[in-house]
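In case you want the letters, here they are:
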Amino acid sequence: MVDRTVLVTGGTGGLGGAVTAAFLGGGWRVVVPGREAGETTPDGPVRVTADLLTPEGAARAVATATGEPTAPLRAVVNLVGGYASGGLVHETPVEEFERMLRINLRPTYLVTQAALPHLVAAGGGAVVCVSARAAAAPFPGAAGYATAKAGVQAFANAVAVEYKQRGVRCNTVLPSVVDTPANRAAQPDADHRRWVPPAEIAAVIRFLAGDESAPTSGASIPVYGRA
């Protein structure tokens, strides 16, 4: 019998699938929201249709995550986001800059905001946010993405400070290039041996969500591998 729930946004992506599998393997009840309906199987995650760019969608996802009294919500993993490259700052329309903020920062804020009262009520828990190496080391052509991911990191640190006395921890992981099929297709000539497999990053995320990392909050963990 599972006795705790984790809400994983972006749980169907290249990294998200590995994170979902890691929590299922650890005996968690896993809730995965998405824009499209997904099948819920006995041994798989609980799927819920929700637009996480809206407060209503975030609330719907959290309501599903808190819907099993015997398995209270104890962790939230904010994976959902996106990447787009373009020109230098003076060549990038403000709409594209704002789109990066919207798809990376807004769902992280809305889902965390909706989940925090439940985590507090359950006696505490953990929030894990996924930023990026670009937040600390930007590269040309991705000012919007780097800014958005830096915002995710700053937001996670704010949550850590505000809720530490209420038993809720918040940490951030910063991947570089994750070794997914999509990234290999986009960069076929790269040295893929230097990239980090999704399962290895998922193990770090699961650790930060669990009781084993109880003393840790407000941390930004690089998961760059040799990239």
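Placed above this text is the structure.
The numbers attached to residues start from 1 for each chain and follow its sequence in the written order. Thresholds applied to this predicted model are a pLDDT of at least 70 for local features of residues and 80 or more for the giving and counting of side-chain atom pairs; totals over whole chains, interfaces and linings are not thresholded and use all residues. Note that the side-chain values use all heavy atoms of the structure and ignore hydrogens as well as water.

Trainee: Mind showing me how you'd approach the nonpolar core here?
Mentor: It is characteristic of soluble globular proteins that their nonpolar side chains tend to be buried jointly. Each nonpolar core is a collection of buried residues, namely Ala, Val, Leu, Ile, Met, Phe, Trp, Tyr and Cys, held together in the definition by side-chain atoms within 4.5 Å. A 1.4 Å probe rolled over the protein chains alone gives each residue an accessible area, and that area as a share of the maximum for its type sets the label: buried under 20%, exposed over 50%, partly exposed in between. Judged by nonpolar contacts, the single largest core of 26 residues is most densely connected at Leu7, Leu73, Val76, Leu119, Val127 and Cys170. Going along the chain from the N terminus, every DSSP run of H or I of four or more residues is numbered as a helix, and every run of E of two or more is numbered as a strand. If you list the elements that add at least two residues to this core, you get α2 (55-65), β4 (73-78), α4 (106-121), β5 (125-130), α6 (143-163) and β6 (168-175). In terms of residues, this core owes the most to one element, α6, which gives six residues. Within the second largest apolar cluster, 24 residues are counted, among which are Val77, Val128, Ala202 and Leu208.

Trainee: In this structure, what is going on with the environment of Gln153? I would like to understand it.
Mentor: In this fold, Gln153 is placed in helix α6. Each C-alpha atom of the pair Gln153 and Ala132 lies 8.6 Å from the other, and the pair is 21 residues apart in sequence.

Trainee: Whenever I open this one, the side chain of His192 confuses me. Can you help?
Mentor: Along the chain, His192 turns up in the loop between α7 (181-186) and α8 (198-209). Classification of His192 by relative accessible area gives buried; the value is 15%. Within the structure, the side chain of His192 is placed 3.0 Å from the backbone oxygen of Gln187, a separation counted as a polar contact. By the convention used here, residues are in contact when the closest approach between their heavy atoms is within 4.5 Å. Residue contacts for His192: discarding those within four places in its chain leaves Asp179, Arg184 and Gln187. Any N or O atom pair separated by 3.5 Å or less is treated as a polar contact, with the protein-specific requirement of one donor-capable and one acceptor-capable atom, and with residues adjacent in sequence counted only for side-chain atom pairs.

Trainee: I'm lost on the sheet that holds strand β3 (residues 46-49) in this one. Help?
Mentor: Within a sheet, neighbouring strands are paired by backbone hydrogen bonds and run either parallel or antiparallel to one another. Criterion used throughout: strands pair if DSSP finds at least two bridges between them. Strand order in the open sheet made by the seven strands is β3-β2-β1-β4-β5-β6-β7, with parallel pairing throughout. The outermost strands of the open sheet, each flanked by one partner alone, are β3 and β7 (220-223). Each strand axis lies, on average, 20° off the axis of its neighbour in the sheet, ignoring direction. Pairing analysis gives four bridges linking β4 to β5, with the strands arranged parallel. Paired with Ala75 across the strands is Ala126, a residue of β5. To get an axis, fit a line to the C-alpha atoms, keeping to the stretch in contact for a helix; angles then go from 0 to 180 degrees between the N-to-C directions. Most of the contacts of helix α1 (residues 14-25) go to strand β2 (residues 29-34), to which it runs at about 155°, and overall it touches β1 (5-9), β2 and β4. Against the sheet, α6 touches β5, β6 and β7, its axis set at about 160° to β6.

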